[in-house]
Amino acid sequence: REREREREQAKRDKPPPAKAGPRPVFDVDDDEEEQKRDARKKMKLERFDYGEHALETDKQKAAAIAKTIIQKIPIDQDELFAFQLAWDTLDREGIADKKMKPWVQKKLVEYLGEEEPALTDYITTLIKQHKSPNDILSEVESILDNDAKVFVVKMWRMLCFEVLKADVDS
C-alpha cells in the first residue's frame, strides 16, 4: 500500500505534459537557422598563411621595381642635378616630411655627430620650396664643408627615388 501511495503522489507531483501548440507562421525556418548557427559556432577558424613563397614573391617584386627605378636615376652629378623631379608628386605625397626628413636627420647625425633639428628642418624646407640641388649645396656647404657635395648628391638621389617610387605606386 505504501508503494501505491508513493506512486499516486509521484503522479500528482509531475507537471502535466506540455501540449504542442500551433507553430508560428513566421518562425518556420528558425530551427534550420538555429542549426546553422550552432554549426558555425562549432567551426574552427584556421589562420590564413601566405607562406614563405608568397612573401618571397612580394619581396622579389618590390626589389625588381626598386631596381628599375634606380636605373632611371642618373649617376653623373651634372645629369643628376638636371633631372626633372615631379614636384607635384613630392607635394601631394608629402615626401619631404615623410621620407626625406628622417633621412636628412640620420645623415646629419652621421656627418656632424649629433642631431641638429634646426638644420634638418631648414633642409626639409628647402626641399619643400622646390630648391635646386645647387641651391641646397650652396646653403649647406658652410656647415658640412667637404661632406656637403656628397650629402647633397646622396640626398638628391634619394629624393628622385622616392618621387619616382610614389609615381609608380599611385
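Residues numbered from 1 in each chain as written. Predicted model: local features only at pLDDT ≥ 70, side-chain atom pairs only at ≥ 80, totals over all residues. Heavy atoms only, no water.

S.K.: Is there a simple way to think about the overall build of the protein chain in this case?
M.R.: Scanning the protein chain from terminus to terminus reveals 9 helices and 0 strands. Starting at the N terminus and walking to the C terminus, you meet the elements of the protein chain as α-α-α-α-α-α-α-α-α. By residue count, 23% of the 170 residues in the protein chain fall in the buried class. Looking at the protein chain alone, contacts between residues at least 24 apart form 70% of all its contacts between residues at least 6 apart. About 13400 Å² of surface is accessible on the protein chain, with carbon and sulfur atoms providing 50% of the total. (Helix = DSSP H or I, 4+ residues; strand = E, 2+ residues; numbered from the N terminus. Buried < 20%, exposed > 50% of the residue type's maximum accessible area, 1.4 Å probe, protein only. Contact = heavy atoms within 4.5 Å. Areas by Shrake-Rupley, 256 points an atom, 1.4 Å probe, with all protein chains shown as cover.)

S.K.: Looking at this model, I keep getting lost on the pattern of salt bridges. Mind explaining?
M.R.: For side chains of opposite charge, pairing can occur when their charged atoms come near one another. Tallied over the entire structure, the rule returns 4 salt bridges. A salt bridge links Lys128 to Asp97, with the shortest nitrogen-to-oxygen separation between them at 3.0 Å. Taken as a pair, Lys128 in helix H7 (residues 117–128) and Asp97 in helix H6 (residues 95–112) lie far apart in primary sequence, 31 residues in all. Under the relative-accessibility criterion, Lys128 is labelled partly exposed at 40%. The partly exposed category is assigned to Asp97, whose relative accessible area is 38%. Between Glu110 and Lys107 there is a salt bridge, and its shortest N-O distance comes to 3.5 Å. You can see Glu110 and its partner Lys107 sitting in helix H6, 3 residues apart, about one turn around the helix. A relative accessible area of 14% means that Lys107 is categorised as buried. (Salt bridge = Lys/Arg side-chain N within 4 Å of Asp/Glu carboxyl O.)

S.K.: Would you take a moment to explain the side chain of Thr124 for this structure?
M.R.: Inspection of the secondary structure assignment puts Thr124 in helix H7. Discounting chain neighbours no more than four positions away, the residues touching Thr124 are Ala96, Asp97 and Lys101.

S.K.: What is the right way to read unusual backbone geometry from this model?
M.R.: Glycine aside, negative phi is the norm for most residues, and most peptide bonds take the trans geometry. Residues other than glycine seldom take positive phi values, yet His130 does so here, at roughly 65°. Assignment of secondary structure puts His130 in the loop between H7 and helix H8 (133–144). You can call His130 partly exposed: its relative accessible area is 31%. The backbone of Asp145 shows a phi angle near 50°, a positive value even though the residue is not glycine. Its location among the elements puts Asp145 in the loop between H8 and helix H9 (148–169). What makes Asp145 exposed here is its relative accessible area of 52%.

S.K.: How should H6 be read in this particular structure?
M.R.: Residue pairs spaced three or four apart in an α-helix point in one direction, given the helix's 3.6 residues per turn. Given a rise of 1.5 Å per residue, 18 residues ought to cover 26 Å, and the 24 Å separating the end C-alpha atoms of H6 matches this to within 8%. When the local axis directions of H6 are compared, the greatest deviation, roughly 35°, occurs at Lys101, which is followed within four positions by the proline Pro102. For H6, the full list of buried residues reads Ile95, Ala96, Met100, Trp103, Val104, Lys107 and Leu108. Close packing links the buried residues of H6 with helix H5 (87–93), H7, H8 and H9. Gly113 sits one or two positions beyond H6 and adopts a positive phi of about 90°. (Expected span 1.5 Å × (residues − 1). Bend = angle between axes of the 7 residues up to and from the residue.)

S.K.: Teacher, can you tell me more about the packing of H6 against H9 here?
M.R.: Each pair of packed helices gets described by two things: the angle between the helix axes and the distance between those axes. Look at H6 against H9: their axes get within 11 Å of each other, and the N-to-C directions meet at 155°. Judged by the angle between their axes, H6 and H9 are roughly antiparallel. Remark: the crossing between H6 and H9 carries right-handed chirality. Packed against H6, whose contacting residues are Ile95, Lys99, Met100, Trp103, Val104, Lys107, Leu108 and Tyr111, the element H9 presents Val150, Phe151, Lys154, Met155, Met158, Leu159, Glu162, Val163 and Ala166 at the interface. Its residues assigned to classes, the contact of H6 with H9 comprises 13 nonpolar, no polar and 4 charged. (Axes fitted to C-alpha atoms, helices over the stretch in contact; angles between N-to-C directions. Parallel < 35°, antiparallel > 145°, perpendicular 65-115°, else oblique. Left-handed = near helix turned anticlockwise from the far one by under 90°. Nonpolar A, V, L, I, M, F, W, Y, C, P; charged D, E, K, R; others polar.)

Purely geometric stuff here, so don't read any function into it on its own.
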